[in-house]
Protein chains: 2
Amino acid sequence: MDFNSLAQQFTEFYYNQFDSDRTQLGNLYRDESMLTFETSQMQGAKSIVEKLVSLPFQKVTHRITTLDAQPASQSGDVLVMITGDLLIDDEANPQRFSQVFHLIPEGNSYYVFNDIFRLNYSA
Amino acid sequence: MDFNSLAQQFTEFYYNQFDSDRTQLGNLYRDESMLTFETSQMQGAKSIVEKLVSLPFQKVTHRITTLDAQPASQSGDVLVMITGDLLIDDEANPQRFSQVFHLIPEGNSYYVFNDIFRLNYSA
C-alpha cells in the first residue's frame, strides 16, 4: 500500500474508533509511543489510553479538513498531518485542531510512535 | 541539547530566516527532503527552495502560537508541530497555519527530512 492510502486508512480508522469507543485505541500504541495532548505529555499505550479516556466529553466527532502524508524513513515509516474540526457534545461551534502521527510498520500493520494534538486557538 | 530546546531553536531560526530572506533556507534541506506546501509536493533542497521563493508574497511574518516536540527515533530524530499565525504583506487578518518538521541529526546540526505546511481554513 502506498503511504497516502495508508495514511488515509489509518486516520479514518483512528477517528472512527476514537469517536465511537476510545477505550479501544490502546492497541495502536506501544510502550515507547508518545502522546502530546495540548499541554499534557505521556508515554506508553496504557498512559495514553488513560489520558484519552479521561477527556471530559461524551460525544465527540472528528471531521477531517486536510490530510497530508510523507514517507518518514527508508524503513516504511509514515508521517501524517491532519487539520480538522472537533465537535464536542452539544457545543454549537466546532473547534479547529491539528494533529500529527508518526506511524511505524510492524508486521502487516502500523503502530503510532508519535502523536501530537493541538486545538487551534485564535491569537 | 534536549529535544525541546532543539525544536525551539530550530523553529525560531527557520521562521526568522524565512521571514527575512527565504532564499537562504536551502541548506536546511537535503536531496531526500520532502515539502508539502498546501497541495504542492516537492523533493530535494533545490525544488523546495524554488517553491518557497516563488510564493506570492513579499513581506511575511510567522507568529508561533504552540510548539510541541517529541523524539522521533532512537537515533536523535526530532518531530516538531507548530501552530501559529501567518501575516502576509499588508493583509489585515492573519491566517492560521499548522506545520510539522521531522529533523534528522547530521554532525553537530540537523536537517529537515519532512516538512508539511497547511493553512487552516474554516470549515
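As annotated in an unreviewed UniProt entry, chain A is Nuclear transport factor 2 from Maudiozyma humilis. Quoted verbatim from the Function (unreviewed entry) field of the UniProt record, the comment on chain A reads "Has a role in nuclear-cytoplasmic transport of proteins and mRNAs."

**What to know about empty space enclosed by the protein**
Residues and elements named next belong to chain B. Using the criterion set out here, one finds two cavities of 30 Å³ or more in the structure. When its volume is computed, the largest cavity comes out at roughly 60 Å³. What lines the largest cavity is simply Tyr-14, Phe-18, Leu-35, Phe-37, Leu-52, Phe-57, His-62, Leu-86, Gln-99 and Phe-117. Elements that contribute at least two residues to the lining of the largest cavity include exactly helix H1 (3–21) and strand E1 (29–37). For the lining of the largest cavity, the residue count by class is eight nonpolar, two polar and no charged.

**As for helix H2 (residues 45–54) of chain B**
Along an α-helix, residues three or four positions apart point the same way, because every turn accommodates 3.6 residues. Residues and elements named next belong to chain B. Among all positions in H2, only Ala-45, Ile-48, Val-49 and Leu-52 are buried. Along the axis of H2, the buried positions cluster into a sector of 95°, meaning they face one direction only. The secondary structure elements touched by the buried residues of H2 are H1, E1 and strand E2 (40–43).

**Focus on the sheet that holds strand E5 (residues 95–106) of chain A**
Residues and elements named next belong to chain A. Taken in spatial order, the six strands make up an open sheet running E2-E1-E6-E5-E4-E3, and their pairing is mixed. Two strands bound the open sheet, and with one partner strand each, they are strand E2 (40–43) and strand E3 (60–71). With strand direction ignored, the average angle separating the axes of adjacent strands in the sheet is 20°. Bridging between strand E1 (residues 29–37) and strand E6 (residues 109–119) involves five bridges; their strand directions are parallel. Residue pairing for E6: Phe-37 is matched across the bridge by Phe-117. Contacts from helix H2 (residues 45–54) reach E1 and E2 within the one sheet, and its direction differs from that of E1 by about 35°.

**Some thoughts on the side chain of Lys51(A)**
Residues and elements named next belong to chain A. Considering the arrangement of structural elements, one finds Lys-51 in helix H2. Within the structure, Lys-51 has its side chain in polar contact with the side chain of Ser-40 (distance 3.2 Å). Apart from the residues lying within four places of it in its own chain, the contact partners of Lys-51 are Leu-35, Phe-37, Ser-40 and Met-42.

**Looking at the environment of Leu103(A)**
Residues and elements named next belong to chain A. Take Leu-103: it is sitting in strand E5. Residue classification places Leu-103 among the buried residues on the basis of a relative accessible area of 0%. Spatially, the C-alpha atoms of Leu-103 and Val-78 are 5.1 Å apart, while their sequence positions differ by 25 residues. Excluding anything up to four places from it in sequence, Leu-103 contacts Leu-6, Phe-10, Asp-77, Val-78, Val-80, Tyr-110, Tyr-111 and Val-112.

Reading guide: rules and limits
- Residues numbered from 1 in each chain as written.
- Chains lettered and ligands numbered in written order.
- Predicted model: local features only at pLDDT ≥ 70, side-chain atom pairs only at ≥ 80, totals over all residues.
- Heavy atoms only, no water.
- UniProt positions renumbered as here; feature names shortened; annotations may be inferred.
- 1 Å grid on protein atoms, 1.4 Å probe; cavity = no way out; pocket = protein on both sides within 12 Å on 5 of 7 lines; lining within 4 Å.
- Points joined across faces, edges and corners; volume = space filled by probe spheres on them.
- Helix = DSSP H or I, 4+ residues; strand = E, 2+ residues; numbered from the N terminus.
- Nonpolar A, V, L, I, M, F, W, Y, C, P; charged D, E, K, R; others polar.
- Buried < 20%, exposed > 50% of the residue type's maximum accessible area, 1.4 Å probe, protein only.
- Arc of directions from axis to C-beta.
- Contact = heavy atoms within 4.5 Å.
- Pairing = 2+ DSSP bridges.
- Axes fitted to C-alpha atoms, helices over the stretch in contact; angles between N-to-C directions.
- Polar contact = N/O pair within 3.5 Å; in protein donor to acceptor, adjacent residues only side chain to side chain.

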